[in-house]
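# Working through the structure, step by step
Next come the chains, spelled out residue by residue.
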4 protein chains.
Amino acid sequence: MSTKPLAIIAGAGTGTGLSIARRFARAYNVIILSRSPASIDPVVSAVEASGGTAFGIPTDVSSEASITTAFNAIRVLYPGSPTAAAVFNVGSWNRAPFLETALEDWERVLGIQGRGAFLFSKLTIPLLLASKHLEYPPTLIFTGATASVKASANFSAFAAGKWATRALSQGLAKEFGAQGVHVSHAVIDGIIDVPGTKEWNLDAEDAKISPDAIADTYWHLHTQPRTAFTWELDIRPYVEKW
Amino acid sequence: MSTKPLAIIAGAGTGTGLSIARRFARAYNVIILSRSPASIDPVVSAVEASGGTAFGIPTDVSSEASITTAFNAIRVLYPGSPTAAAVFNVGSWNRAPFLETALEDWERVLGIQGRGAFLFSKLTIPLLLASKHLEYPPTLIFTGATASVKASANFSAFAAGKWATRALSQGLAKEFGAQGVHVSHAVIDGIIDVPGTKEWNLDAEDAKISPDAIADTYWHLHTQPRTAFTWELDIRPYVEKW
Amino acid sequence: MSTKPLAIIAGAGTGTGLSIARRFARAYNVIILSRSPASIDPVVSAVEASGGTAFGIPTDVSSEASITTAFNAIRVLYPGSPTAAAVFNVGSWNRAPFLETALEDWERVLGIQGRGAFLFSKLTIPLLLASKHLEYPPTLIFTGATASVKASANFSAFAAGKWATRALSQGLAKEFGAQGVHVSHAVIDGIIDVPGTKEWNLDAEDAKISPDAIADTYWHLHTQPRTAFTWELDIRPYVEKW
Amino acid sequence: MSTKPLAIIAGAGTGTGLSIARRFARAYNVIILSRSPASIDPVVSAVEASGGTAFGIPTDVSSEASITTAFNAIRVLYPGSPTAAAVFNVGSWNRAPFLETALEDWERVLGIQGRGAFLFSKLTIPLLLASKHLEYPPTLIFTGATASVKASANFSAFAAGKWATRALSQGLAKEFGAQGVHVSHAVIDGIIDVPGTKEWNLDAEDAKISPDAIADTYWHLHTQPRTAFTWELDIRPYVEKW
């Protein structure tokens, strides 16, 4: 197996994850960690259709055992392959009046945005630190949302998880930036144009965010030299109110 | 037992918790939830020495069973007593290079600042919603820190917990503010003047935050009428660099 | 003339300025700087009706000559009176599509929120630095607005002015906090309950901010000891969406 | 003269302005507005050396007459050329203890960051609104600094100016984003690697921001489609403390 560098993407599906995988697969072997095998297949197919290679490992990032197993598999399958980039793009969602939010909901969201993001960082950063000889600085990108910077009514649990991820990304950016690893956080503020939002009745053209455009910006972040790292940027459609 | 209103304070000790307890005990019966019985006694003594009444319940706020038991006890012990105020002032602390931060450390911090703050809110908000007839709007205050707004290197886990608490407080402020409950978050930015920091060699006079001054500001927040709620304020000593 | 300490308030009228004047007049001689003499009279009357003393000086704070003359007058009229507090509460307002905003509008807003705030600070800070022997730390408070932290469409000029004031207040808080002067900034986020907004058809009770409540919070800021200064807080009615 | 689209850059010199000019000149005719003719020449030379074309107009952006004259000249010289991009990159600087900051210093900084940014926006936005047929959405980028988001002691005037510019950019992003014009603000946080900072004794390699890297990120912002606009991002060297 080649030692082409790897891009490890946690969180796939038919939207942002797929576009990021396809974009990074132009340069790297893509590894996809996603809970449901069913969500891995379309991403692998899309990557291969565009001439790249991707390999999926069904993984629950919020489980220490599951994610550790996944990274052990990566080590075995790709010995000698450096990791050029890692993207934490795992979805979670909770919208409910606070008093109707069960502890299980809280734990699920924080299990992904908190523990999952923590474990993913713990496992990818050592790989990234070992990849400073590659063309671009090794990069770890977290996908955030409107709720990463604003906690709205009925979104307390969801926002708590997203703020935790954002804090993590900022602390890591400072600690590992100085060591040459580029850590970024993107605030995706708007509806993403995926199959699941196709029927959403939006008045304006181009009012939903193109996942390919998100992927292009993630790629740009990855190519920034260490003299000019961006920690955070926002991405929103031109018509979004904010 | 009287039906004097209650102030429920999670997190006690010899610093901020003690001062808040003493300040709110001028008007209310104070209930102290603190993990260690040893940390409850000095607070109860201090409150009683200043003419108030306080009652402590050893509680692990991060445990659903423990905190539920504590609130059941409050219900039994103070039937008919409305809850005028609740303060989440529970400490947690973690400072370590990220790669040396164990999952247990992460879980401990998020267990307190995340799950603990969530459970405390779930249990106090229904009590506060039932107390709108009292002199001041029922109030829920969260104690934050520098790390609530800034994630520094070596503080990723601690900051993730504090950001989660802050997000929770903002979501609750919006959701329950509209229902007449005042939710606030105080960013305590500096060293607090407690026995444990006595020996810290600080050059300037008054360079550490007086916990009594924090308590006075919390009391002011509590007295704000619903036409003029403050969600967030910062508190720091005059010499603090920020 | 007595050497009772002074509170110098720039910006008066029938709303916040009047309430602040009345609140601070309980302890200090109040000086009111306001552009229009007509806006001074009701404030002086209100202060006197509640047993205080106030003196108004018609002043255009955006004019170096006018504001310098005003402070010269204060020096002559109140020799030996220390200045305990200063409040910059001057209104400005601009809402217009950007391309219809004339340079004169921009200059008017920035003349008040920029130059006016700068000149007021330059003239009050030396007085405040000389007042550290008083009961409370000498205090300089700036009244901000929603637009101090958020620039909305059609509010570019107004927001630019308010952000400039807020930046000024933060820089001053750091520079003069260390010298014992308390500098604060209050983000007033909502409609204030003044005669001019009486007819505004609001559905909920208490949905407008009580100017007296703002004044109480300003007074609390003033009483904070130097171990526990607040730079910024927000004030909004419980029903406000944010 | 061709009707190749224009990129209008206010603020040139040997650093960021030069790199931006060279980068945008790969696609557009570059117009440089800069106060000093001496600062225009090296930029024009650098652009031409890399195969592009640039034209400089000595302009004081803080003067309505001067900047209006400059845009009239552009209209005459490039009839029919659409404007694809505009960059406000004008420097200003002030560091002084507040009480030693003269009104002239304040006016100079606010004249550039306030009035200058306002006038430049007023004159470029109509041109950008007329350019929506080009390959990329018409773009207006403002260069910010650390002081755009943080006002430090001794930087009150400088920060007031930078915050005003940032507010302006946010209001414009909302108002004209909806009309298809992309408005961005870049927070440049660190020392830029220009001839003037060559001798600065920095310990780490690559510790100063490469102006070419800034230019590459500005170009990326320009290429973002309207479904995915970034308003703000930060750029800092990997070793920067923040």
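As a reminder, the structure under discussion sits directly above these lines.
This text gives an overview of the structure that appears in the document. No experiment lies behind these values; they were computed from the predicted model shown.

Cut-off values and rules
- Residues numbered from 1 in each chain as written.
- Chains lettered and ligands numbered in written order.
- Predicted model: local features only at pLDDT ≥ 70, side-chain atom pairs only at ≥ 80, totals over all residues.
- Heavy atoms only, no water.
- Contact = heavy atoms within 4.5 Å.
- Buried area = accessible area lost by both parts, 1.4 Å probe.
- Salt bridge = Lys/Arg side-chain N within 4 Å of Asp/Glu carboxyl O.
- Polar contact = N/O pair within 3.5 Å; in protein donor to acceptor, adjacent residues only side chain to side chain.
- Helix = DSSP H or I, 4+ residues; strand = E, 2+ residues; numbered from the N terminus.
- Nonpolar A, V, L, I, M, F, W, Y, C, P; charged D, E, K, R; others polar.
- Axes fitted to C-alpha atoms, helices over the stretch in contact; angles between N-to-C directions.
- Parallel < 35°, antiparallel > 145°, perpendicular 65-115°, else oblique.
- Left-handed = near helix turned anticlockwise from the far one by under 90°.
- Buried < 20%, exposed > 50% of the residue type's maximum accessible area, 1.4 Å probe, protein only.
- Least-squares fit on C-alpha atoms with pLDDT ≥ 70 in both.
- Expected span 1.5 Å × (residues − 1).
- Arc of directions from axis to C-beta.

## Concerning the interface of chain D and chain A
- On the side of chain A, 31 residues touch chain D, which itself brings 31 residues to the contact.
- Across the chain D/chain A interface, buried area totals approximately 2,700 Å², and carbon plus sulfur atoms make up 54% of it.
- For the chain D face of the interface with chain A, the top three residues by lost area are Arg226, Tyr238 and Trp242 of chain D, together amounting to 28%.
- Summed over the shared surface of chain D and chain A, the result is four salt bridges.
- Between Glu205 of chain A and Arg226 of chain D there is a salt bridge, and its shortest N-O distance comes to 3.6 Å.
- Linking chain D to chain A there are 22 residue pairs in polar contact (both at pLDDT 80 or more).
- Listed by contribution, the elements that provide at least two residues to the side of chain D that touches chain A are α5 (156-177), α6 (211-223) and β7 (232-235) of chain D.
- Split into classes, the residues belonging to the side of chain D that touches chain A amount to 13 nonpolar, nine polar and nine charged.

## Concerning the packing of helix α5 (residues 156-177) of chain A against helix α5 (residues 156-177) of chain B
- It is at 7 Å that the axes of α5 of chain A and α5 of chain B come closest, and there the two elements cross at 150°. With respect to each other, α5 of chain A and α5 of chain B are oriented roughly antiparallel. As α5 of chain A runs across α5 of chain B, the sense of the crossing is right-handed. Contact with α5 of chain A, carried on its side by Ser156, Ala159, Ala160, Trp163, Ala164, Arg166, Ala167, Leu168, Gln170, Gly171 and Leu172 of chain A, involves Ser156, Ala159, Ala160, Trp163, Ala164, Arg166, Ala167, Leu168, Gln170, Gly171 and Leu172 of chain B of α5 of chain B and no other residues of that element.
- In the contact of α5 of chain A with α5 of chain B, the residues fall into 14 nonpolar, six polar and two charged.

## Re the environment of Ala147 of chain C
All names here are of chain C.
- Along the polypeptide, Ala147 turns up in the loop between β5 (139-145) and α5 (156-177).
- For Ala147, a relative accessible area of 9% translates into the label buried.
- In sequence terms Ala147 and Pro137 are ten residues apart; their C-alpha atoms lie 29 Å from each other.
- Residues within four places of Ala147 in sequence aside, it is in contact with Phe158, Ala159, Lys162 and Trp163.

## Remarks on the relation of the copies chain B and chain A
- Here chain B sits on chain A after a turn of 180° about the axis and a move of 0.0 Å along it, with an RMSD of 0.0 Å. Taken together, the rotation and translation describe the operation of a two-fold axis.
- Same-surface contact between copies: 100% of interface residues of chain B are shared with the interface of chain A.

## Focus: the relation of the copies chain D and chain A
- With an RMSD of 0.0 Å, the fit of chain D onto chain A corresponds to turning through 180° and sliding 0.0 Å along the axis.
- Both copies share a contact surface, since 100% of the interface residues of chain D are interface residues in chain A too.

## Some details on helix α3 (residues 64-77) of chain D
All names here are of chain D.
- Along its 14 residues, α3 runs 20 Å from first to last C-alpha, staying within 8% of the 20 Å computed at 1.5 Å per residue.
- Every buried residue of α3 is accounted for by Ile67, Ala70, Phe71 and Ile74. Within α3, the buried residues cover an arc of 90° as seen down the axis, which keeps them to one side. Exposed positions of α3 whose direction lies more than 90 degrees from the buried face are Ala65, Thr69 and Val76.
- Against β1 (6-10), β2 (29-34), β3 (54-58) and α4 (103-129) lie the buried residues of α3.

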